[in-house]
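So the chains spell out like this:
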Amino acid sequence: MTSDGSEQVRGAAARDPDALIRRAGARGNPDHDQHFLVDDRVVDRIPTYLPEEADRSHVLEIGGGPGVLTDRLLGVADRVTVVEQDRTFAEHLRREFADEVDAGRLAVVEGDALDVDLPEFTACVSNLPYGISSEISFRLLPRGKPLVLMFQKEFGERMAAEAGTSEYGRLSVSTQHYGDVAVCEHVPREAFDPKPAVQSVVVRITPRDPDYEVDDEAFFLDFVKALFTQRRKTIRNGIRNTAHISGLSDPEAVVEAADEDVLRKRAGNMAPAEFAELAQLAASVGL
């Protein structure tokens, strides 16, 4: 550990981001959601946001690009697997980190992170392509491993939002079902090349079991999704209006069985545990 409490990167001196991009022989393509971190200070901090107790024996990175973050992860992890869809960057990673590949410390998986078989990993640290942030996140969250991920600012803040706030929604409930969510750092556009059109945040998700019971997770998530499509209406009307989304065969039975105080609420004021209790009731009387 350094004097300021952050982790010291192991091994060789950290590679310069601009030099890595030059050696890759290709620039980031905004049309392909490629925005590469070039601010050393931000890149150096990202691995330190893993929980102190996190197992760093096999870290997964989605979207390695020219290897700026890959380089830092190799400094703190025993082994790293990078999933990279772009062939140019995948080949560059194998060349740039040939020693680590030969030593079995780095594996480069070429393919779409939404389609490839993800390896067993102990933690994931990534600067995600923003266009598929949601799909990737919900591939990773059920794995129950610590995640440190870069998101578009509004997306990351919705993940961490509390009930009763304007940012709180389906994404908040669904993410917090799997773990504790914290926004670690706001990252300006100038930290990337090319600059994205949006601000960014680094989010940490520390896995934990929810403090409520959910017997059918798929139904619970569909039920939450359904009620947030009617977030301006009461829960009573939301249940009645969204059976085609939630899958309820008898929404009226749920309304009749639910507590009146709950039925008068709106989705944005329902905590995850309240959604879970209502979903359990709905599954027992309305499916």
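Since the model is a prediction, treat every value here as computed from it, not as a measurement.

Quick notes on the rules
- Residues numbered from 1 in each chain as written.
- Predicted model: local features only at pLDDT ≥ 70, side-chain atom pairs only at ≥ 80, totals over all residues.
- Heavy atoms only, no water.
- 1 Å grid on protein atoms, 1.4 Å probe; cavity = no way out; pocket = protein on both sides within 12 Å on 5 of 7 lines; lining within 4 Å.
- Points joined across faces, edges and corners; volume = space filled by probe spheres on them.
- Helix = DSSP H or I, 4+ residues; strand = E, 2+ residues; numbered from the N terminus.
- Nonpolar A, V, L, I, M, F, W, Y, C, P; charged D, E, K, R; others polar.
- Salt bridge = Lys/Arg side-chain N within 4 Å of Asp/Glu carboxyl O.
- Buried < 20%, exposed > 50% of the residue type's maximum accessible area, 1.4 Å probe, protein only.
- pLDDT = per-residue confidence, 0-100.
- Contact = heavy atoms within 4.5 Å.
- Domains from an automatic or database assignment.
- Buried area = accessible area lost by both parts, 1.4 Å probe.
- UniProt positions renumbered as here; feature names shortened; annotations may be inferred.
- Expected span 1.5 Å × (residues − 1).

Trainee: An account of empty space enclosed by the protein is needed here, citing residue identities and associated values.
Mentor: The final tally for this structure, using the stated rule, is one cavity of 30 Å³ or more. Volume-wise, the largest cavity comes out at about 80 Å³. Every residue lining the largest cavity is listed: Phe36, Leu37, Glu61, Gly63, Gly64, Gly65, Pro66, Gly67, Val68, Leu69 and Asn127. Counting residues per element, the ones that place at least two in the lining of the largest cavity are strand S1 (36-37) and helix H3 (68-76). A per-class count over the lining of the largest cavity returns five nonpolar, five polar and one charged.

Trainee: Pulling in residues and values, what's your account of the pattern of salt bridges?
Mentor: As enumerated under the stated definition, the model contains 17 salt bridges in all. Close ionic contact of Arg94 with Glu110 constitutes a salt bridge, the shortest N to O distance being 3.6 Å. On the criterion of sequence distance, the pair formed by Arg94 in helix H4 (residues 87-96) and Glu110 in strand S4 (residues 106-110) is long-range, its members being 16 residues apart. Between Arg240 and Glu252 there is a salt bridge, with the nearest N and O atoms lying 2.9 Å from each other. Highlighted residues: Arg240 in helix H10 (residues 235-241) and Glu252 in helix H12 (residues 251-257), separated in sequence by twelve residues. A residue is classified by how much of its surface remains accessible, and Arg240, at 36% relative accessible area, is partly exposed. The structure contains a network of salt bridges with shared partners spanning Arg15, Arg23, Asp40, Asp44, Asp71, Arg72 and Glu96.

Trainee: Just give me the short version of the confidence of the model for the protein, but keep the residues and values in it.
Mentor: In the predicted model, the protein carries a mean pLDDT of 94, and 96% of its residues have values of at least 70. Within the model, the stretch residues 1-9 combines pLDDT values under 50 with ten contacts to residues more than four positions away or in other chains.

Trainee: How would you sum up the environment of Pro251? Please name residues and give values.
Mentor: Positionally, Pro251 belongs in helix H12. According to the relative accessible area criterion, Pro251 is buried, its value standing at 16%. Residues contacting Pro251, with those up to four places away along its chain left out, are Ile239, Arg240 and Ala243.

Trainee: Break down the domain arrangement of the protein for me, citing the residues and quoting the values.
Mentor: Annotation of the protein at the domain level lists domain 1 (17-207) and domain 2 (217-286). Between the C-alpha centres of domain 1 and domain 2 the distance comes to 34 Å. Contacts between the two partners involve twelve residues from domain 1, matched on the other side by 14 residues from domain 2. Note on domain 1 versus domain 2: buried area summed over both sides is about 990 Å², and carbon and sulfur give 61% of it. Ranking the residues of domain 1 by area buried against domain 2 places Tyr168, Arg170 and Val173 at the top, with a combined share of 50%.

Trainee: Quick one: what's the story with the UniProt feature "domain: Ribosomal RNA adenine methylase transferase N-terminal" (unreviewed entry) in the protein, residue by residue and with numbers?
Mentor: The feature "domain: Ribosomal RNA adenine methylase transferase N-terminal" (unreviewed entry), as annotated in UniProt, sits at residues 42-209 in this numbering. Between the end C-alpha atoms of residues 42-209 the distance is 31 Å, and the span holds 30% helix and 26% strand.

Trainee: So what's going on with helix H9 (residues 217-228)? Which residues, and what values?
Mentor: If you check H9, its first and last C-alpha atoms are 17 Å apart, about what twelve residues at 1.5 Å a residue would give, namely 16 Å. Listed in full, the buried residues belonging to H9 are Phe219, Phe220, Leu221, Phe223, Val224, Ala226, Leu227 and Phe228. Looking at the buried positions of H9, the neighbouring elements they touch are helix H8 (170-176), H10, helix H11 (243-246) and helix H14 (272-286).

Trainee: Any details on the layout of surface pockets? Residues and values, ideally.
Mentor: Here the largest pocket is characterised by a volume of approximately 430 Å³. Along its surface, the largest pocket is lined by 21 residues, and His32, Asp33, Gln34, Gly63 and Pro129 are the ones closest to its centre.

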